[in-house]
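Chain residues, written in single-letter form:
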Amino acid sequence: MFSDGDEKLFQSLMEAAPDAIVIVDGHGKIVWANSQVHALFGYSSAQVLDQPVEKLIPERYTDKHKQHRSHYIDSPSVRPMGSAMGRELFGLRQDGTEFPIAISLSPLTTESGKLIFCDIRDMTLQREVEKSITELNQRLLTQNDELVVMNKELEAFSYSVSHDLRTPLRAIDGFSRVLEEELRETSNEACLGYLSRVRSAAQRMGCLIDDLLKLSRITRADMVINEVNLSLVARQLEHNLHQQSPERIAEFAIDSIKVRGDERLLTVALENLLNNAWKFTSKNRQTLIELGSVEQENETVYFVRDNGVGFDMNYADKLFGAFQRLHSDEAFSGTGIGLATVARVIHKHGGRIWAESAPNQGTSFYFTLGRQAV
Amino acid sequence: MKDRVILLVEDNPDDAELTKLALSRNNLRNEVVWAKDGVEALEYLFGTGSYAGRDVADIPVVVLLDLKMPRVDGLEVLKQLRADPRTAIVPVVVLTSSREEEDRMRGYSLGANSYVRKPVDFDEFVKSAGQLGMYWLLLNEAPKD
């Protein structure tokens, strides 16, 4: 069908193609096939030559295929076959097995009449990949649904914790208070002491519940990302701390820092970090608290540093867990929720947080803010 | 002239007793009518059921309303009370147990006049009861006969 030179070029081009290629005449007879046909279908080129192209198609499709084929000869165009209509196509191997294929059709007009150029690609691997992607997506969707349900349950749980656990505590504290007043006249010191313990225990449990609820609010909060002037927030917090204990000699060294993040959440985080610094420097004669930033390996690392009591780095892994405390309540009061809250805020921003410290050497908290940071 | 009553709607007897104690510690001498749930509160306000025949024109000086109650909850009481012209203007102080509850209530914008969060610390509760008492009692002098 070609001149000798043309034919050589044509042959080598067709053999170089990764797909099986067959050329079919107007009656559906295979007039040419490349060697990939063998790899895909198991037939040698010679075995398919002069055979109807339906030899390569599962029997259940052959009637339909003949109709489509004659229709194509009448109005040929370059197009993918079947898949355009969302149909899956299958090839039939010599051994009778089937496999998924994709076919592109191009009409060729030659001296010997109209021919159809068919490029056949084995889609087995792609179909498998598609199938596993679909399965993975389905699994993700299911897991996501489960998470949404779990989150709702948690929300309901924290609501009932707040309501139901605080109610008996109110009764314990309130009636102890009334008893305290009644007993004051009898001045039974021991009894009054016990009652005061009952009350402070109830109040402490109230604080724990409140802090736990705050933590769960942070976890569930939706983020609103804006530019946040951390220095301004820190100045305000500094002002509050000075007002709380005006007798303390304390210096705040606050660098100018602007970040992108959720202002409410970042304020909560900074408040906890500065309150912590303030608390653990309370036994200092002079307090120095710093807020600053450094550039490190292409990211900005922010820090809050104090010159307080510090802690043993052996316990550093406990630092950010809820209810974890590194100091006794007598030395420093607290519920152990503060740093867990800070860590959640930082993680929600896609950042990391860590600390460096040593006993009596002060503490530095470092954090990054992920991609939101400017 | 008799002082108007304070209507306390609270299902928990401990909280009810503590609220009464907190009010009396602030020298608020108004009679406290205790409704144990929303049904009782509505019966009192509209003179039905166990309060059939009560003069409903004699409205409370303030309603202290707990939210989570069996049968009819605080939200529903507030809705019905605001919908009825006889009680639409009664000051209502919602007693909440948590910030979440308060936020949620504000979201409904049903016209609660203020919110008091019931703290665990009784002294704090006495303090806020005193503040809310002063505010509502001074602001809501009994109507002249």
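The structure contained in this document is the topic of the report that follows.

What counts, and where the lines are drawn
Within every chain, residues take consecutive numbers counted from 1 along the sequence as written. Following the order in which they are written, the chains are lettered starting with A and the ligands numbered starting with 1. Note on the predicted model: pLDDT of at least 70 is required for a residue's local features to be given, and 80 or more for side-chain atom pairs to be given and counted; whole-chain, interface and lining totals, by contrast, use all residues. Side-chain metrics in this entry use all non-hydrogen atoms of the structure; hydrogen atoms and water are not considered. Between any two strands, pairing holds if DSSP finds at least two bridges. Helix and strand assignments follow DSSP, with helices taken as H or I runs no shorter than four residues and strands as E runs no shorter than two, numbered in order from the N terminus. Interaxial angle, 0 to 180 degrees, is taken between N-to-C directions of lines fitted to C-alpha atoms, where a helix line uses only the stretch in contact. Any two residues whose heavy atoms approach within 4.5 Å at even a single point are treated as in contact. Classification of residues uses two cut-offs on accessible area relative to the type maximum, computed with a 1.4 Å probe and protein chains only: under 20% is buried, over 50% is exposed, and between them is partly exposed. By definition, the buried area sums, over both parts, the 1.4 Å-probe accessible area that each loses when the two are put together. The term salt bridge refers to a pairing of a side-chain nitrogen on Lys or Arg with a carboxyl oxygen on Asp or Glu at a separation within 4 Å. Side-chain rings of Phe, Tyr and Trp (the six-membered ring for Trp) are treated as a pair once their centres are within 6.5 Å; stacked means planes under 30 degrees apart, edge-to-face means over 60, and tilted covers the remaining angles. For a Lys NZ or an Arg CZ to count as sitting over a ring, it must be within 6 Å of the ring centre and within 35 degrees of the ring normal. A residue counts toward a patch only above 30% relative accessible area and without a salt bridge, and it is joined to like-charged neighbours within 9 Å or, for Val, Leu, Ile, Met, Phe, Trp and Tyr, to nonpolar neighbours within 5 Å. Under the convention used here, a 1.4 Å probe and the Shrake-Rupley method define accessible areas, while residue burial counts only the protein chains that appear. Asp and Glu count as negative and Lys and Arg as positive, but His and the ends of the chain are not part of the count.

1. Here we look at the sheet that holds strand E8 (residues 250–254) of chain A
All names here are of chain A. Pairing in this open sheet of 5 strands is mixed, and the strands run E8-E10-E11-E13-E12 from one edge to the other. Edge positions in the sheet fall to E8 and strand E12 (353–357), since each has one partner strand and no second. The sheet shows a mean angle of 20 degrees between the axes of neighbouring strands, taken without regard to direction. Sheet topology places strand E11 (residues 299–306) next to strand E13 (residues 363–367); 5 bridges connect them, and they run antiparallel. Note on E13: the bridge partner recorded for phenylalanine 303 is tyrosine 366. This element, helix H7 (residues 230–244), spans E8, strand E10 (287–296) and E13 of the sheet and lies at about 175 degrees to E8.

2. Examining unusual backbone geometry
Most peptide bonds are trans, and most residues other than glycine sit at a negative phi. With phi around 65 degrees, aspartate 50 of chain A is a residue other than glycine that occupies positive phi space. The exposure class of aspartate 50 of chain A is exposed, given its relative accessible area of 52%. We note that arginine 71 of chain B has phi near 60 degrees; this positive angle belongs to a residue other than glycine. Tracing the backbone through its elements, the reader meets arginine 71 of chain B in the loop between strand E3 (62–66) and helix H3 (74–83). Judged by its relative accessible area of 61%, arginine 71 of chain B falls in the exposed class.

3. Re the interface of chain B and chain A
Contacts between the two partners involve 23 residues from chain B, matched on the other side by 23 residues from chain A. Counting the surface lost from both chain B and chain A, the interface buries some 2100 Å², and carbon and sulfur atoms represent 50% of this. Scanning the region where chain B abuts chain A turns up 6 salt bridges. A salt bridge links aspartate 123 of chain B to arginine 177 of chain A; its shortest N-O distance comes to 2.4 Å.

4. What about the packing of aromatic side chains?
Under the defined criterion, the tally for this structure stands at 7 aromatic pairs over all chains. With a centroid separation of 5.7 Å and an interplanar angle of 20 degrees, the aromatic rings of tryptophan 354 of chain A and tyrosine 366 of chain A are classed as stacked. Of this pair, tryptophan 354 of chain A sits in strand E12 while tyrosine 366 of chain A sits in strand E13, and the two are 12 residues apart along the sequence. Among the aromatic side chains, those forming a connected cluster through ring pairs are Phe303, Trp354 and Tyr366 of chain A. Taking the ring centre of tryptophan 278 of chain A as reference, the NZ or CZ of arginine 248 of chain A above it sits at 3.8 Å. Taking NZ or CZ as reference, arginine 54 of chain B lies 3.7 Å from the ring centre of tyrosine 44 of chain B, over its face.

5. Regarding a nonpolar patch on the surface
Residues and elements named next belong to chain A. Taken together, Leu125, Val129 and Ile133 make up a surface patch of nonpolar side chains, about 280 Å² in accessible area. Relative to the assigned elements, leucine 125 resides in helix H5 (residues 124–184). Under the relative-accessibility criterion, leucine 125 is labelled exposed at 62%.

6. A few points about the side chain of glutamate 40 of chain B
All names here are of chain B. Structurally, glutamate 40 can be placed in helix H2 (residues 38–46). Look at glutamate 40: it is buried, it has no salt bridge, and the nearest opposite charge is lysine 36 at 4.2 Å. Contacts of glutamate 40, omitting those with residues within four sequence positions, involve Trp34, Ala35 and Tyr51.

7. Some words on the environment of valine 22 of chain A
All names here are of chain A. Following the sequence through the fold, valine 22 ends up in strand E1 (residues 20–25). Distance from valine 22 to aspartate 119, taken between C-alpha atoms, is 6.8 Å for residues 97 residues apart in sequence. The residues contacting valine 22, other than those within four sequence positions of it, are Ile30, Trp32, Ala33, Val37, Leu56, Ile116, Phe117, Cys118 and Ile120.

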